[in-house]
Amino acid sequence: MKIALVVGARPNFMKVAPVLTALRKDRGVDALLIHTGQHYDDNMSDVFFRELGLPDPDAHLGVGSGSHAQQTARLLCEIETMLLRERPELVVVAGDVNSTLAAALVATKMLIPVAHIEAGLRSHDWTMPEEVNRVLTDRMSRLLFTPSRDADANLLKEGIDPRRIHFTGNAMIDTLNALLPAARGSRVRERLGLAGAKYALVTAHRPSNVDEAGSLRELIDALAQVSTRLPVIFPVHPRTRARLAADDRSREELTHARDLRLIEPVGYVDFLSLMSSATVVLTDSGGIQEETTALGVPCLTLRENTERPITIERGTNVLVGSDPKRIVSEVDAVLRGDAKRGSLPELWDGHAGDRIARAVVELCRTPGE
Ligand code: UD1
Ligand code: UDP
């Protein structure tokens, strides 16, 4: 039984690792790992293979960066060549990046069933490239693995056959639980001079926050104000790094901030260590909204909407948008001890990978069902 798992960008690795591990325990399964190469810097890709114990990919497609059309076109061609050669019985994709959509589209046209890890999330914001990727991938998927009940409801509303929907929980949290002991041994806070200190941890890479100079300056302004309250550690995503390099005024603003430290993206173990000891996390990342909820760490999401409402209803997440005043006042609330406490959502229990792998194998054994 040959199953191909396709990964490409940073957040894919954490979601696919537990499923691959579970599939590889089954002797009857030949699980192929295909890396599209959408992300390729060592600190955006290889470091996660090393730290998450992922095997070297069976194929690396080297697709790289480009406009949406260029990148997606290259993804389609390279994935098709690979699937024609390997002829898997099923293709597993995760999340909402361009590699996800491309792999689902190629497989669907080749009549290969698709399984989608993290199906059903909706921001209802069609200006987000990820929302387009999610909706289209779900429409094509034969198996839809949802991380929360709201995702089931979204899919049912869109007319997806309920027999395809499997509420299996959050695979990212499997990886988080597995790597927490290693994170406790990380020395990253000592290296940054933060041991025992209060600090804010920041990530930002959404096009709506960083692509346009005005939004980027507003973000830097907000972070500079936060840094008058506590040190701010900001591992900078390569998209954001490129936008900062192109905008003199944002860089100028950075030099006036009291304690705003821009660093390179860090590996998963160090990031988990920074996240779990942070006083507050400010982010526009999807995955980090979930990880902070799992860790019980206050999260301020720098967006107007989220496809992960469970992190607000049950978790520690607050949507704060992009207004510097609002952001600073929410940080002040956390510093006063008024942060949300939150609890762990249903089935974020570290066993989602096993549940997903079981359903995948079952479908391959009974394809007509
Ligand atoms: C992609 C996903 C986004 C996800 C994010 C996770 C899409 C449409 N977007 O956004 O949903 O949240 O990954 O991090 O799939 N670059 C490098 N080195 C790398 C990778 C990228 O320098 O290893 C730079 C390039 O200049 C590139 C830019 O980052 O043009 C953007 O990369 P891309 O993969 O197109 O989108 P992301 O912003 O990373
Ligand atoms: N992450 C990391 N190092 C960093 C920033 C993020 O390991 O410097 C991890 C984070 O813990 C989470 C994942 O990367 O597991 C989230 O990826 P990202 O924010 O790039 O994508 P999104 O979730 O927004 O799609």
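The structure presented is a predicted model; accordingly, all values stated were derived computationally and were not measured.

**Considerations on the site of ligand 2**
Phase 1: Surveying the vicinity of ligand 2 reveals 19 residues, the closest of which are Arg206, Val266, Ser285, Gly287 and Glu291.
Phase 2: The backbone of Gly286 places a nitrogen or oxygen atom 2.9 Å from an oxygen atom of ligand 2.
Phase 3: Note that an oxygen atom of ligand 2 is positioned 2.6 Å from one of the side-chain N or O atoms of Glu291.
Phase 4: If ligand 2 stood free it would expose 540 Å²; the protein chains cover 97% of that surface.
Phase 5: Every element with two or more residues in the shell around ligand 2 is listed here: helix H1 (10-24), helix H13 (268-277) and helix H14 (286-295).
Phase 6: By residue number, the principal contributor to the shell around ligand 2 is H14, which donates four residues.
Phase 7: Here the shell around ligand 2 is built from residues that sort into eleven nonpolar, five polar and three charged.
Phase 8: Domain assignment of the residues forming the shell around ligand 2 places at least three in each of domain 1 (2-170 + 348-365) and domain 2 (180-335).

**A look at the pattern of salt bridges**
Phase 1: Following the criterion strictly, the structure yields 29 salt bridges and no others.
Phase 2: The shortest N-O distance in the salt bridge between Glu346 and Arg149 comes to 3.4 Å. One end of the pair, Glu346, is in the loop between helix H16 (324-335) and helix H17 (352-365); the other, Arg149, is in helix H6 (residues 149-157), and 197 residues separate them in sequence.
Phase 3: By relative accessible area, which is 41% here, Glu346 ends up partly exposed.
Phase 4: In this structure, Arg355 engages Asp349 in a salt bridge whose closest nitrogen and oxygen atoms are separated by 2.7 Å.
Phase 5: Taking relative accessible area as the criterion, Arg355 reaches 19% and is therefore assigned buried.
Phase 6: Classification of Asp349 by relative accessible area gives partly exposed; the value is 32%.
Phase 7: Overlapping salt bridges bring together Lys15, Asp96, Glu118, Glu131, Arg134, Glu290, Arg303, Glu307 and Arg308 as one network.

**What to know about the packing of aromatic side chains**
Phase 1: Considering all chains together, one arrives at two aromatic pairs under this definition.
Phase 2: The interplanar angle of 25 degrees and the centroid separation of 6.0 Å between the aromatic rings of Phe13 and Phe48 together place this pair among those described as stacked. With Phe13 in helix H1 and Phe48 in helix H2 (residues 46-51), this residue pair connects regions lying 35 residues apart in the sequence.
Phase 3: Overall, Phe48 belongs to the buried group, its relative accessible area being 2%.

**Some remarks on the site of ligand 1**
Phase 1: Not every one of the 18 residues close to ligand 1 is listed here, only the nearest: His39, Tyr40, Asn98, Glu130 and Arg239.
Phase 2: A distance of 2.8 Å separates an oxygen atom of ligand 1 from a polar atom in the backbone of Tyr40.
Phase 3: For ligand 1, an oxygen atom lies 2.5 Å from a polar atom in the side chain of Glu130.
Phase 4: Alone, ligand 1 offers 740 Å² of accessible surface; in the complex the protein occludes 87% of this.
Phase 5: Of all the secondary structure elements, the ones that give two or more residues to the shell around ligand 1 are helix H3 (68-86) and helix H11 (238-245).

**Digging into unusual backbone geometry**
Phase 1: For Leu111, which is not glycine, the phi torsion reads 60 degrees and is therefore positive.
Phase 2: Along the chain, the position of Leu111 falls in the loop between helix H4 (98-109) and strand S5 (114-117).
Phase 3: Of the residues examined, Leu111 reaches a relative accessible area of 75% and is grouped as exposed.
Phase 4: With a phi angle near 60 degrees, His124 is a residue other than glycine that sits in the positive phi range.
Phase 5: Counting through the fold element by element, His124 comes out in the loop between S5 and helix H5 (129-140).

Quick notes on the rules
- Residues numbered from 1 in each chain as written.
- Chains lettered and ligands numbered in written order.
- Predicted model: local features only at pLDDT ≥ 70, side-chain atom pairs only at ≥ 80, totals over all residues.
- Heavy atoms only, no water.
- Near = heavy atom within 4 Å.
- Polar contact = N/O pair within 3.5 Å; in protein donor to acceptor, adjacent residues only side chain to side chain.
- Areas by Shrake-Rupley, 256 points an atom, 1.4 Å probe, with all protein chains shown as cover.
- Helix = DSSP H or I, 4+ residues; strand = E, 2+ residues; numbered from the N terminus.
- Nonpolar A, V, L, I, M, F, W, Y, C, P; charged D, E, K, R; others polar.
- Domains from an automatic or database assignment.
- Salt bridge = Lys/Arg side-chain N within 4 Å of Asp/Glu carboxyl O.
- Buried < 20%, exposed > 50% of the residue type's maximum accessible area, 1.4 Å probe, protein only.
- Phe/Tyr/Trp six-rings, centres within 6.5 Å; stacked < 30°, edge-to-face > 60°.

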